[in-house]
Amino acid sequence: MSRPDLPPTLPTRERSRRHSWVRVLIPVALILVWLAGASFGGPLFGKVDEVSSNDQTTYLPESADATKVQALLGEFNDSDAIPAIAVFTSDDELSATELDAISDAVAGAPDVEGVTDDVSPALPSEDGRAVQAFIPIDSDAELADTVSALGEELRSGMPDGVTVYITGPAGLSADLVAGFAGIDGLLLGVALLAVLVILVLVYRSLLLPLVVLSTSLFALCVALLVVWWLAKFEVLLLSGQTQGILFILVIGAATDYALLLVARFREELRVAQDKGTALLAAWKGSVEPIVASGGTVIAGLLCLLLSDLKSNSTLGPVAAIGIVFAMLSALTLLPSLLLLFGRAVFWPRRPRFEPEVVAAEHGMRTTGLWARLAGLIKRRPRVIWIVTTIVLLVGAAGITQLRADGVPQSDLVLGASEARDGQVALGEHFPGGSGSPVYVVVDEDRLQDAADVLLANDGVDGVSVTAADSPSGTAPVTEDGIAPIGAPGTPAPEPTTVDGEVLLQGTLTDAADSEEAASTVRELRSDLDDIDALVGGVTATSVDTNDASIHDRTLIIPVILVVIMLILMLLLRSILAPVLLILTTVLSFGTALGVSALVFNGIFDFPGADPAVPLFGFVFLVALGIDYNIFLMTRVREESKAHGTREGILRGLSITGGVITSAGLVLAATFAALSVIPILFLVQLAFIVAFGVLLDTFVVRSLLVPALTYDIGKAIWWPSKLWRKGED
């Protein structure tokens, strides 16, 4: 029963107070949830190497010959140590004193923590100016630290004039480890700083950039938390390359989604005085393009699961997890922060409540760069899209110059490299493949047949077989069989057998990571095919990796195009518009790849590119590049319903121009940050994606797509209701 002495408005006031509390409690609760997730994920920065691996063989398909051979090596050698090659060189012939010093240094190598006892004796070259020794390093040791300590130990006792290099698989792998060392600190710091500078310059605000970056960083921390534990339980494979891409992708995507919501929030604050009302309207207007954009990227990334190469297939779910949390942070954490700060987040340029001004503008600004560009497109649409297309096609012609058929392992790390210099020195004095033999696993009854094939190949310098009763663990094989070791008349060692199979080793005449060595491995596989032999080793691993990568590229690119096109058709309720958007994005990708090829060859003089570079470039440019078309065309469709297609295109361009350009700059800057990691693959990917995103932002989305769709008119919505009943 109501009390007559109470004002009739009390229930309304009570509801208002309860509503105010709810508006505070929900965002605070969401912020605390994200803070808790970030507090667990943040400490994992710097610990990713505990659950990651850069060993190429772990990423090959199980069906690959190199994978099968790698799995058997431990059974033959009873060791999974990583071989390092110590190379000692001098400009003059080494003296007896110098040779003794080298032998003493090699004999003392096991004293270095992480080095096993199975160190070979010092082996002089025929020219007398170099010595090599094979020094196994325990697979559980900290590889980079052990290689560094080994080099220091060997150099400490060397006479003047003797130069020491640590090379071979262990030295080259240590270079990779050192190259990826800056991912947790340097890469992340450069990326965040670049984004912060761009946001401050664009919004001329102090608080907003920090709010946006907080959402990106929290998304990355929680994504890393999930990925780290999945890798810990071996559900996912992680490498330094995947880790770097995850960091950049989450920061770039989360910032892009945040900018879309922030722009819509600023727009709504001009027509709604209450910040909650403005935020709700902004969220409703942003959720569809953000979910559609994120879903498109996730779909494209998950297509990588079709890859034979695990370094490709594992990137799909890892990066997709990152995109999921980028979307969630933009749609939950960011709105919570915006609701708490309100207009103050834009300080000192707070948006004014000016509905009369907005009404006078009819929802679209009539001044500024994007309004002028919309006017230009309205006057000359056909000229603009034809000229733009021709320019892009000219740039795409450079794609014929792209050399993406693999690069030597010694060239994977940019800058100075002791291991690379050691490979050069090794090739000058010894067979180029010393220390990285080709392994052949064959039935023991066919041992001599396989050895004869190896000996007949000009790319093989010598052949041996694993023999446990030999002092060195191997015995040479000649055309007459296994050679005796020791005094004349000594019986030849018995080869080690595992399930009736033996292991042959062939020393290659060329460097193990060279094209000539790869050709030798292909020839051996062809010649050994009729005796069912498996060929593995460092060179075979590289060959199988390149072949799998080329297969993945050929298969996955068309699949991604089909998947993204279907998503766009569902989103835009049209067939023609998605086809046009896909074609323009593919043209943009072709131009980015063509220009990149010319830059790589003519300016940077790179030795080539990994076959996965075009594939990864395509995945990120098409999946992320289509985002900007989604941001544009969802707004165009919204405006076309009220104002007609051609007017809707102009309005969509002028309204979204600023936010999409800002998002493009942020994404380009974050991917460009990958270039601070001195790994050839990441530097090339950084340039391709950064240049492609800028091309998409300033040319394709700003000129080509609006001009082309304006020229076509409402037919772009065919066969939807907007095409049948809408206005041009």
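Here, every reference points to the structure presented above.
Conventions used here
- Residues numbered from 1 in each chain as written.
- Predicted model: local features only at pLDDT ≥ 70, side-chain atom pairs only at ≥ 80, totals over all residues.
- Heavy atoms only, no water.
- Helix = DSSP H or I, 4+ residues; strand = E, 2+ residues; numbered from the N terminus.
- Buried < 20%, exposed > 50% of the residue type's maximum accessible area, 1.4 Å probe, protein only.
- Contact = heavy atoms within 4.5 Å.
- Areas by Shrake-Rupley, 256 points an atom, 1.4 Å probe, with all protein chains shown as cover.
- Lys, Arg positive; Asp, Glu negative; His and termini not counted.
- Charge placed at Lys NZ, Arg CZ, Asp CG, Glu CD.
- Expected span 1.5 Å × (residues − 1).
- Salt bridge = Lys/Arg side-chain N within 4 Å of Asp/Glu carboxyl O.
- Pairing = 2+ DSSP bridges.
- Axes fitted to C-alpha atoms, helices over the stretch in contact; angles between N-to-C directions.
- Patch = residues over 30% accessible without salt bridge, like charges linked within 9 Å, V, L, I, M, F, W, Y side chains within 5 Å.
- Core = buried A, V, L, I, M, F, W, Y, C linked by side-chain atoms within 4.5 Å.

I'm lost on the overall build of the chain in this one. Help?
The helix and strand inventory of the chain stands at 23 helices and 10 strands. Overall, the chain is about 120 × 60 × 50 Å in size when its C-alpha atoms are taken along their principal axes. The buried share of the chain, reckoned over its 728 residues, is 55%. When contacts within the chain are restricted to residue pairs at least 6 apart in sequence, those whose partners lie at least 24 apart make up 81%. Of the roughly 30800 Å² of accessible surface on the chain, a fraction of 59% belongs to carbon and sulfur atoms. Positive and negative side-chain charges in the chain, numbering 45 and 81 respectively, have mean positions lying 35 Å apart.

Even after reading the chapter, I still don't get helix H5 (residues 168-179), so can you show me in this structure?
A turn of α-helix holds 3.6 residues, and therefore any two residues three or four places apart point the same way. For H5, which comprises 12 residues, the first-to-last C-alpha distance of 17 Å matches the rise-based estimate of 16 Å (1.5 Å per residue) to within 8%. Most of H5 is tucked away: nine of the 12 residues are buried. What H5 keeps buried is the set Gly 168, Pro 169, Ala 170, Gly 171, Leu 172, Ala 174, Asp 175, Leu 176 and Gly 179. Packed against the buried residues of H5 are strand E1 (82-89), strand E3 (130-137), helix H4 (143-156), strand E4 (163-167), helix H15 (418-429) and helix H18 (538-572).

In this structure, what is going on with the pattern of salt bridges? I would like to understand it.
Charged atoms that come close allow side chains of opposite charge to pair. Tallying each qualifying case throughout the model produces 13 salt bridges. We note a salt bridge from Arg 573 to Glu 288, for which the minimum N-O separation is 3.6 Å. Taken together, the positions of Arg 573 in the loop between H18 and helix H19 (576-602) and Glu 288 in helix H9 (residues 275-302) put the pair 285 residues apart, joining distant regions of the chain. Judged by its relative accessible area of 39%, Glu 288 falls in the partly exposed class. With a shortest N-O distance of 2.6 Å, Asp 544 and Arg 525 are connected by a salt bridge. Of this pair, Asp 544 sits in helix H18 while Arg 525 is found in helix H17 (residues 515-528), placing the two residues 19 residues apart along the sequence. Just as Asp 544 is buried, Arg 525 falls in that class too. Three or more residues are tied together by salt bridges with common partners; here these are Glu 267, Arg 635, Glu 639 and Arg 651.

Just to check I follow, could you spell out the sheet that holds strand E6 (residues 460-466) for this structure?
Adjacent strands of a sheet pair through backbone hydrogen bonds, lying either parallel or antiparallel. On the basis of which strands lie adjacent, the open sheet formed by six strands has the order E8-E7-E6-E9-E5-E10 and antiparallel pairing. Pairing within the sheet leaves two strands with one partner each, and these edge strands are strand E8 (481-482) and strand E10 (534-537). Where E6 lies against strand E9 (residues 501-508), five bridges are found, and the strand directions are antiparallel. Bridge pairing in E9 links Val 465 to Leu 504. Sheet strands in contact with H18 are E9 and E10, and its direction is about 100° off that of E10.

What is the right way to look at a positive patch on the surface in this model?
Judged by side-chain charge, Lys 641, Lys 721, Arg 724 and Lys 725 come together as a positively charged surface patch. Considering every element that reaches the positive patch, the biggest residue donor is helix H23 (residues 721-725), with three residues. By secondary structure assignment, the location of Lys 641 is in helix H20 (residues 612-643). Of the residues examined, Lys 641 reaches a relative accessible area of 58% and is grouped as exposed.

Any chance you could explain the nonpolar core here in plain terms?
Across soluble globular proteins, nonpolar side chains show a tendency to be buried alongside one another. In terms of nonpolar packing, the biggest core is built from 163 residues, with Tyr 257, Leu 301, Phe 616, Phe 620, Met 633 and Phe 671 touching the most fellow members. Examining the composition of this core, we find that 18 residues originate from one element, H20, more than from any other. Sequence-distant contacts of Met 633, defined by excluding residues within four places in its chain, comprise Leu 572, Leu 581, Val 705, Thr 709, Ile 716 and Trp 717. Formed by 30 residues, the second largest nonpolar core is a distinct cluster that contains Ala 64, Ala 517, Ile 531 and Val 535.

How do you make sense of the environment of Asp 91 when you look at a structure like this?
You can see Asp 91 is positioned in the loop between E1 and helix H3 (96-107). Residue classification places Asp 91 among the exposed positions, given a relative accessible area of 72%. Sequence separation of Asp 91 and Asn 457 is 366 residues, and the distance between their C-alpha atoms is 32 Å.

Any chance you could explain the environment of Cys 221 here in plain terms?
On the secondary structure map, Cys 221 appears in helix H7 (residues 207-232). Looking at Cys 221, the relative accessible area reads 8%, which means it is buried. With 181 residues separating them along the chain, Cys 221 and Phe 40 place their C-alpha atoms 7.9 Å apart. Once residues lying within four places of it in the same chain are set aside, the contact partners of Cys 221 are Ala 38, Gly 41, Gly 42 and Phe 45.

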